[in-house]
Amino acid sequence: MKNKSLVILALLFLSVANVFAQEINTSASRIDFSISNFKVNTVEGFFNGMSGTIQFDESNLSSSSFDVCIAASTVNTDNEKRDKHLKNEDFFEVEKYPTICFVSDEIIKKGDQYITKGSLTLHGVTQEVSIPFTKNESTLVGDLKINRLDYDLGKGTGTFTVGDEVEIKITCVLN
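Before going into details, it helps to say that this report is about the structure given with it. (Residues numbered from 1 in each chain as written. Predicted model: local features only at pLDDT ≥ 70, side-chain atom pairs only at ≥ 80, totals over all residues. Heavy atoms only, no water.)

Time to look at the overall build of the chain. Within the chain, the secondary structure is distributed over two helices and ten strands. Moving toward the C terminus, one meets the helices and strands of the chain in the order α-β-β-β-β-β-α-β-β-β-β-β. In the chain, which comprises 175 residues, the proportion classed as buried is 37%. Contacts in the chain between residues at least 24 apart in sequence constitute 51% of all its contacts with a sequence separation of at least 6. Of the roughly 10,500 Å² of accessible surface on the chain, a fraction of 52% belongs to carbon and sulfur atoms. (Helix = DSSP H or I, 4+ residues; strand = E, 2+ residues; numbered from the N terminus. Buried < 20%, exposed > 50% of the residue type's maximum accessible area, 1.4 Å probe, protein only. Contact = heavy atoms within 4.5 Å. Areas by Shrake-Rupley, 256 points an atom, 1.4 Å probe, with all protein chains shown as cover.)

Written out as structure tokens, the structure is:
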């Protein structure tokens, strides 16, 4: 009888936990970015292959969390030569740092949007960031700006050639 109770309790716990865990639609989710190039051009690109765990409950933000990564090797600027350069040791060093990850510490609601605060790990460097985002049905959309030099990303490349500020748009579609 005791074993049956433990099994029922375990199943109940797993079913409740799964109510709040959402699966990322990897093919529909992506990270878009833009950065200045020679101060007159803008290079745009994206990453895909988003994976991880999202538990987002609008009615209980204290139990909500993000633990999401993308594969650095998926960088795509529609220029094969530039993408190859971005993957090498001058920038992302994808062999040494294969993922770019965000882990939330807190999620709050502010007006009609949410703000998640947490740790962004890029190129082996972790920095605290805040990401304002909105939720529309099953899609979370957030924007942030980072300084690439804070993450030692392309530190040997001057800011005239490649700007230091990167604008990022995160689109995470949940199943």
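We are not done yet, so read on.
The next point concerns the packing of aromatic side chains. Pairs of aromatic rings are described using the distance from one ring centre to the other and the angle between the two planes. With the rule as written, the count across this model stands at seven aromatic pairs. When the centroid spacing of 5.5 Å and the interplanar angle of 40 degrees are considered together, the rings of F33 and F47 count as tilted. Placement of F33 in strand β2 (residues 30-37) and of F47 in strand β3 (residues 41-47) is noted, with a sequence separation of 14 residues between them. Like F47, F33 is buried. On the basis of an interplanar angle of 75 degrees and a centroid distance of 5.5 Å, the ring pair of F66 and F133 is categorised as edge-to-face. Remark: F133 occurs in strand β8 (residues 125-136) and F66 occurs in strand β5 (residues 65-71); sequence separation between them is 67 residues. Residues F66 and F133 agree in their burial class; the two are buried. Among the aromatic residues, those joined into a ring-pair cluster are F56, F66, Y114 and F133. Its guanidinium or amino end placed over the ring of F46, R30 lies 4.0 Å from that ring's centre, counting from NZ or CZ. (Phe/Tyr/Trp six-rings, centres within 6.5 Å; stacked < 30°, edge-to-face > 60°. Lys NZ or Arg CZ within 6 Å of the ring centre and 35° of its normal.)

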